[in-house]
Amino acid sequence: GENVEQHPSTLSVQEGDSAVIKCTYSDSASNYFPWYKQELGKGPQLIIDIRSNVGEKKDQRIAVTLNKTAKHFSLHITETQPEDSAVYFCAASMRGNMLTFGGGTRLMVKP
Amino acid sequence: EPEVTQTPSHQVTQMGQEVILRCVPISNHLYFYWYRQILGQKVEFLVSFYNNEISEKSEIFDDQFSVERPDGSNFTLKIRSTKLEDSAMYFCASNYQETQYFGPGTRLLVL
């Protein structure tokens with residue numbers, strides 16, 4: 001089955017700096033890659049997703065890149081703010097079916 | 001904005017007892033899921049449900065688990081005889097056009 005690895009497990013940045021989180025996946029049949037933000041005591045909230053027919057997608061300060069050949073995808077957050085502090089999960093699936101999650105990255109943005 | 005809701009938010013039970021976790025998916029969604037997250041570990045897929053039947057399930061989803069959509073709005077996960085290792089956060093999700101929307105979760109503690 002699919003296996004998703006995520007790095008780093010923790011990331012600390014200064015407010016205003018950029019943060020990059022990387023994931024690799026194993027199943028070349030996966031074609032949908034969402035990113036979720038989880039705040040303490042809440043469920044995962046979708047922040048951005050990308051499908052395998054595009055290489056990059058951007059939404060304001062958040063961008064995701066996908067390299068299908070290398071089977072990796074990354075989340076980029078620019079101009080980080082304290083409210084960006086949370087745990088971020090990447091995931092992979094085929095056609096939006098069962099999601100296989102990475103291990104999560106705890107992002108801390110220091111004011 | 002419509003959202004997935006889950007009840008209860010917390011459940012404490014004795015080992016061997018049955019528990020039912022409840023979810024109300026977003027109303028026009030057709031696919032429903034249960035995931036669990038053991039403290040400090042990855043979010044893991046349990047089961048997906050479509051058209052009143054299980055469409056996919058993981059190895060975790062053994063005979064102790066069952067799902068049901070008893071009416072037009074609720075989606076339930078039953079654990080027949082809880083074990084200590086069932087202690088986890090359980091998330092329900094529903095799906096629209098590949099995107100899965102998660103509920104806030106139920107924290108289950110088995111003593």
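Use the structure listed above.
About the criteria used
- Residues numbered from 1 in each chain as written.
- Chains lettered and ligands numbered in written order.
- Predicted model: local features only at pLDDT ≥ 70, side-chain atom pairs only at ≥ 80, totals over all residues.
- Heavy atoms only, no water.
- Phe/Tyr/Trp six-rings, centres within 6.5 Å; stacked < 30°, edge-to-face > 60°.
- Contact = heavy atoms within 4.5 Å.
- Buried area = accessible area lost by both parts, 1.4 Å probe.
- Salt bridge = Lys/Arg side-chain N within 4 Å of Asp/Glu carboxyl O.
- Polar contact = N/O pair within 3.5 Å; in protein donor to acceptor, adjacent residues only side chain to side chain.
- Helix = DSSP H or I, 4+ residues; strand = E, 2+ residues; numbered from the N terminus.
- Nonpolar A, V, L, I, M, F, W, Y, C, P; charged D, E, K, R; others polar.

Draft legend 1. Highlighting the packing of aromatic side chains. As enumerated under the stated definition, the model contains 18 aromatic pairs over all chains in all. Here a set of aromatic residues connected by ring pairs shows up, and it is made of Tyr36, Phe89 and Phe101 of chain A together with Tyr33, Tyr35, Phe45, Phe91 and Phe102 of chain B.

Draft legend 2. Summary view of the interface of chain A and chain B. Across the contact, 23 residues belong to chain A and 16 residues belong to chain B. Taking both sides of the interface into account, the surface hidden between chain A and chain B amounts to around 1,600 Å²; carbon and sulfur atoms contribute 52%. Considering only the side of chain A, the residues that lose the most area to chain B are Pro44, Met98 and Phe101 of chain A, jointly responsible for 30% of the buried surface there. Scanning the region where chain A abuts chain B turns up 0 salt bridges. Applying the counting criterion to the chain A and chain B interface returns 7 residue pairs in polar contact (both at pLDDT 80 or more). Counting residues per element, the ones that place at least two in the side of chain A that touches chain B are β1 (4–7), β4 (32–38) and β5 (45–51) of chain A. Among the elements that line the side of chain A that touches chain B, the one with the most residues is β5 of chain A, at 4 residues. Class assignment of the residues belonging to the side of chain A that touches chain B gives a composition of 9 nonpolar, 9 polar and 5 charged.

Draft legend 3. Examining the pattern of salt bridges more closely. For the structure on display, the rule yields 6 salt bridges over all chains. What emerges from the salt-bridge pattern is a single network uniting Lys37, Glu39 and Lys42 of chain A.

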